[in-house]
Amino acid sequence: MDFDFAAALERLQDHGLYRQRRVLTTPQGVHVSGDGQRVVSFCSNDYLGLANHPEILRAFVSGAERFGVGAGASHLVCGHTAAHHALEDELAEFTGRERALLFSTGYMANMGAISALAGRGGWVFEDRLNHASLLDGALVSGARLKRYRHADTGQLRAMLSGVRGGKWVVSDGVFSMDGDIAPVPALAAAARDHGAGLMIDDAHGLGVLGPTGGGTLEHLGLTGDDVPVLVGTLGKAFGTFGAFVAGRHDLIEFLLQTARTYIFTTAMPPAVAEATRAALRLVKTETWRRDRLRSLVARFRAGARQLGLRLTESETPIQAVLLGANERATTASHA
């Protein structure tokens, strides 16, 4: 092998892109300890403070006692337990869909769904600021990928009108780096007018936005008719791990039969599914958590303004502080 790894790593350092892992010795929370420091954590996706919630911990332990630790196989072999099945039913009800399908990670949910739905010969249109998993899903699918300017539905419409064949529009619901909300109503109208399907990855919206935590679609007053394919992750507001795709019965059955990242992957540990069921109950009933989160977002934005920090326009917990250079960002993160 003649690849110069040392030189490649040095180039990453020179461009301010070299990152280091922080080894934590405590659970996720407001304060965490690691590398000999106790700090306030501003970078976790545990938006509602559920990752170390005692009720969810009890459900996890109970699930492990009942089902063991590992699932043992993929869902289609012998890894699909009553815990997984119950969680899928409850996620479908929560999102107002006919069915939901569990995936082991959000990355795999996006890769599997896009590659199964689009396929060779099709077209995928994505926002330029979409998460890497959405872009990679389109690339792996073999479909032709076109990226429109961020939130520019005018350019999207022009792109859609210029092609024939199977078309899918794919976007984050809440953009994972800037925190702004996608113009989903306009995306839905564009997809409908041009005969395209619409898939929204609401990883950072579910549990956070909407009166019941239903996410970006509830926040914007949209339904499953507007957005046929909804992706959600469980490792953020729900505090656990894994992901799901929700939609019509026939669409989910199609993904179950064809999505390679579902078929060829061991199912999540059933204890995680039991823990997530407990988290889902708390997300729905403890609405004060979203109220508290909104107040903290407002407090942070006000404090940042007083300090003269530049923020992006965002009403979500993702608050991007604009530092202007890669080196400044990595140095600030380390500090």
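See the structure shown above.
Throughout what follows, the structure given in this document is the object of discussion. Computed from a predicted structure; not experimentally measured. (Residues numbered from 1 in each chain as written. Predicted model: local features only at pLDDT ≥ 70, side-chain atom pairs only at ≥ 80, totals over all residues. Heavy atoms only, no water.)

Points about the nonpolar core
Line of reasoning, step 1. Counting residues in hydrophobic clusters, the biggest one holds 32 residues, and the most contacted among them are Leu 50, Ile 56, Leu 91, Leu 102, Leu 234, Phe 238 and Phe 244.
Line of reasoning, step 2. At the level of secondary structure, the elements contributing two or more residues to this core comprise helix H2 (54–67), helix H4 (82–95), strand S3 (99–103), strand S9 (243–247) and helix H12 (270–285).
Line of reasoning, step 3. With eight residues, the single largest contributor to this core is H12.
Line of reasoning, step 4. Aside from chain neighbours lying at most four places away, what touches Leu 50 is Ile 56, Ala 237, Phe 238, Gly 239, Ala 279, Leu 282, Val 283 and Arg 289.
Line of reasoning, step 5. Residues Leu 117, Val 229, Leu 255 and Ala 259 belong to the second largest nonpolar core, which totals 26 residues. (Core = buried A, V, L, I, M, F, W, Y, C linked by side-chain atoms within 4.5 Å. Buried < 20%, exposed > 50% of the residue type's maximum accessible area, 1.4 Å probe, protein only. Helix = DSSP H or I, 4+ residues; strand = E, 2+ residues; numbered from the N terminus. Contact = heavy atoms within 4.5 Å.)

Re a negative patch on the surface
Line of reasoning, step 1. On the surface, a cluster of negative charge is contributed by Asp 4, Glu 10, Asp 14 and Glu 327.
Line of reasoning, step 2. On the secondary structure map, Glu 10 appears in helix H1 (residues 5–14).
Line of reasoning, step 3. By relative accessible area, Glu 10 is classed as partly exposed at 47%. (Patch = residues over 30% accessible without salt bridge, like charges linked within 9 Å, V, L, I, M, F, W, Y side chains within 5 Å. Areas by Shrake-Rupley, 256 points an atom, 1.4 Å probe, with all protein chains shown as cover. Salt bridge = Lys/Arg side-chain N within 4 Å of Asp/Glu carboxyl O. Lys, Arg positive; Asp, Glu negative; His and termini not counted. Charge placed at Lys NZ, Arg CZ, Asp CG, Glu CD.)

Let's talk about the packing of aromatic side chains
Line of reasoning, step 1. Scanning the entire structure with this criterion turns up five aromatic pairs.
Line of reasoning, step 2. With 6.1 Å between their ring centres and 85° between their planes, Phe 94 and Phe 238 make a pair best called edge-to-face. Placement of the pair is Phe 94 in helix H4 and Phe 238 in the loop between strand S8 (229–233) and S9, with a sequence separation of 144 residues.
Line of reasoning, step 3. Here Phe 94 falls in the buried class, since its relative accessible area comes to 13%.
Line of reasoning, step 4. A relative accessible area of 1% places Phe 238 in the buried class.
Line of reasoning, step 5. Centre to centre, the rings of Phe 103 and Tyr 262 are 5.6 Å apart; their planes meet at 65°, and the pair counts as edge-to-face. Placement of Phe 103 in strand S3 and of Tyr 262 in helix H11 (residues 260–263) is noted, with a sequence separation of 159 residues between them. Assigned by exposure class, Phe 103 and Tyr 262 land together as buried. (Phe/Tyr/Trp six-rings, centres within 6.5 Å; stacked < 30°, edge-to-face > 60°.)

Quick notes on the sheet that holds S3
Line of reasoning, step 1. Ordered in space as S3-S9-S8-S7-S6-S4-S5, the seven strands form an open sheet in which the pairing is mixed. Lying at the two open borders of the sheet, with one neighbouring strand each, are S3 and strand S5 (144–148). Pairs of neighbouring strands in the sheet enclose a mean axial angle of 20°, with direction left out of account.
Line of reasoning, step 2. One ladder, built from three bridges, connects strand S7 (residues 197–201) with S8; its direction is parallel. From the neighbouring strand, Asp 201 faces S8, where its bridge partner is Val 231.
Line of reasoning, step 3. Packing against the sheet, helix H10 (residues 249–258) makes contact with S3, S8 and S9, and its axis sits at approximately 25° to S3. (Pairing = 2+ DSSP bridges. Axes fitted to C-alpha atoms, helices over the stretch in contact; angles between N-to-C directions.)

As for H10
An α-helical segment advances 3.6 residues per turn. Residues three or four places apart therefore align on the same side.
Line of reasoning, step 1. When we look at burial in H10, the residues that qualify are Leu 251, Ile 252, Leu 255 and Leu 256. Mapping the buried residues of H10 onto a view down its axis gives an arc of 140°, with all of them on the same face.
Line of reasoning, step 2. Considering only its buried residues, H10 is in contact with helix H3 (75–79), S3, helix H5 (106–117), S8, S9 and H11. (Arc of directions from axis to C-beta.)

Remarks on empty space enclosed by the protein
Line of reasoning, step 1. Following the criterion strictly, the structure yields one cavity of 30 Å³ or more and no others.
Line of reasoning, step 2. In this model, the largest cavity occupies a volume close to 30 Å³.
Line of reasoning, step 3. Lining the largest cavity are Ala 113, Ile 114, Leu 117, Ala 118, Val 124, Trp 168, Val 170 and Met 199.
Line of reasoning, step 4. For the lining of the largest cavity, the elements supplying multiple residues, two or more each, are H5 and strand S6 (167–172). (1 Å grid on protein atoms, 1.4 Å probe; cavity = no way out; pocket = protein on both sides within 12 Å on 5 of 7 lines; lining within 4 Å. Points joined across faces, edges and corners; volume = space filled by probe spheres on them.)

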